[in-house]
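So you can see what is in the structure, the chains are spelled out below.
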Amino acid sequence: MRAIWKGSVSFGLVNVPVKLYSATESHDVSFRQVHAKDGGRIKYQRVCSIDGEEVPYADIAKGYETEDGEMVILSDDDLAELPSTSSREIAVEKFVPSDQIDPMLFEKSYYLEPEKSGAKPYALLRQALVDADRMAVVTVALRQRTSVAVLRVRDDVIVLQTMMWPDEIRTPDFSIDAGEVKTNEVKMAQMLVETLAGDFDPEDFEDDYAAAVETLVKTKIEGGEVKRTATATKSSGEVVDLLAALQKSVNAAKKARGEDVPTADEPADAPADAPADAPADEAPAKGAAAKKATAKKAPAKKTAATKTATKKTAAKKVAAKKAS
């Protein structure tokens, strides 16, 4: 993983230098919009709705539309005056009971890794959070915007989860009128709950959509249902980019569940700079490479011998002419 942010966790007089990593990634299957007739990709132009002309990027600005439809144009200078922060500090505001945080507020998750100098205070903070069964409510500046987040422990790693602001949670605007609920109906519902009761295991669930799309694409390729476009660079025997992406997505999902993922076949020839103590199964590859090298040098030796023979023949002809 590659760190996307570096800073420190600050609580009291203690500072823990840390690196930030994205804890999640999407494996959604993506498609391109194409012309159904010939497979050509759909392109969009930046056209002004008033004069109908295409607008270059240099002439595009940000606009805020009011409730009555008027447009407030904001220039780069206007946006530069807005308050922003580039602080490299994750400031702990308070420690709260874990059950007080509504999961609906959680947005994106990040792993925190301590720098070498911060390993011990990191471990102390982690243990304190576990023992107290609390989360640390923090403020952090990511992408020049201050966000509220929490620190919690997952598998011995401190996780930072950014949160939405309270006004971003919508209030349901509907009511439910179920009438009178009878006692025997409640008991039957409780029996059903007990029947399906169990512990949550994420491996019990599988997103089979990507696998289904992969099967569908393979079937169409094998059936020759492939559109050759002007931008296509692969031969008919090669697999399209989508299929490779789908296979990677499926393998990643299997790996996340702990399943065995097949690896690609190793190349027949070992690299020229392979170490002398390479495994025994690489020996045939080295032999093959040596034979190829010998075969390439052979023509050079033959050419040198031929030149020598040609010179001797020419010398004999000159001597014969002089003798005559």
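Here, the structure is the one placed above.
All values reported here derive from a predicted model rather than from experimental measurement.

Rules behind the numbers
Residues numbered from 1 in each chain as written. Predicted model: local features only at pLDDT ≥ 70, side-chain atom pairs only at ≥ 80, totals over all residues. Heavy atoms only, no water. Patch = residues over 30% accessible without salt bridge, like charges linked within 9 Å, V, L, I, M, F, W, Y side chains within 5 Å. Areas by Shrake-Rupley, 256 points an atom, 1.4 Å probe, with all protein chains shown as cover. Salt bridge = Lys/Arg side-chain N within 4 Å of Asp/Glu carboxyl O. Lys, Arg positive; Asp, Glu negative; His and termini not counted. Charge placed at Lys NZ, Arg CZ, Asp CG, Glu CD. Helix = DSSP H or I, 4+ residues; strand = E, 2+ residues; numbered from the N terminus. Buried < 20%, exposed > 50% of the residue type's maximum accessible area, 1.4 Å probe, protein only. Phe/Tyr/Trp six-rings, centres within 6.5 Å; stacked < 30°, edge-to-face > 60°. Lys NZ or Arg CZ within 6 Å of the ring centre and 35° of its normal. Core = buried A, V, L, I, M, F, W, Y, C linked by side-chain atoms within 4.5 Å. Contact = heavy atoms within 4.5 Å. 1 Å grid on protein atoms, 1.4 Å probe; cavity = no way out; pocket = protein on both sides within 12 Å on 5 of 7 lines; lining within 4 Å. Points joined across faces, edges and corners; volume = space filled by probe spheres on them. Nonpolar A, V, L, I, M, F, W, Y, C, P; charged D, E, K, R; others polar.

Draft legend 1. Inspection of a negative patch on the surface at higher detail. On the surface, a cluster of negative charge is made up of Glu65, Glu67, Asp68 and Glu70. Along the polypeptide, Glu67 turns up in the loop between β3 (62-65) and β4 (71-74). Its relative accessible area of 88% is what places Glu67 among the exposed residues.

Draft legend 2. Examining the pattern of salt bridges more closely. Throughout the structure, instances matching the rule amount to three salt bridges. Note that Glu214 is salt-bridged to Lys218, the shortest N-O span being 3.6 Å. With Glu214 and Lys218 both in helix α4 (residues 209-222) and four residues apart, this pair spans about one turn of that helix. Looking at Glu214, the relative accessible area reads 8%, which means it is buried.

Draft legend 3. The packing of aromatic side chains, seen in detail. On inspection of all chains with the given rule, the structure shows one aromatic pair. Just above the ring of Tyr110 sits the side chain of Lys108; from NZ or CZ to the centre is 5.7 Å.

Draft legend 4. Focus on the nonpolar core. One finds Val9, Val18, Ile90, Leu112, Val138, Leu151 and Leu160 to be the most contacted residues of the largest nonpolar core, which totals 20 residues. At the level of secondary structure, the elements contributing two or more residues to this core comprise β1 (5-11), β2 (14-22), β5 (89-97), β6 (106-114), α2 (119-132), β7 (134-142), β8 (145-154) and β9 (157-163). Apart from residues no more than four positions distant in its own chain, Val9 is found in contact with Val14, Asn15, Val16, Val18, Ile90, Val92, Leu112, Leu125 and Leu151. With seven residues, the next largest nonpolar core counts Val96, Ile101, Leu105 and Met163 among its residues.

Draft legend 5. The layout of surface pockets, seen in detail. Estimated volume of the second largest pocket: approximately 1,000 Å³. Residue lining of the second largest pocket: 29 residues in total, with Glu25, His27, Ala252, Ala253 and Ala256 positioned closest to the centre. Within the residue set of the lining of the second largest pocket, elements represented by two or more residues are β6, β8, β9, α4 and α5 (241-256). If you tally residues by element for the lining of the second largest pocket, the top one is α5, at seven residues. Here the residues of the lining of the second largest pocket sort into 12 nonpolar, six polar and 11 charged.

In short, the description is geometric, and any link to function would need to be established separately.
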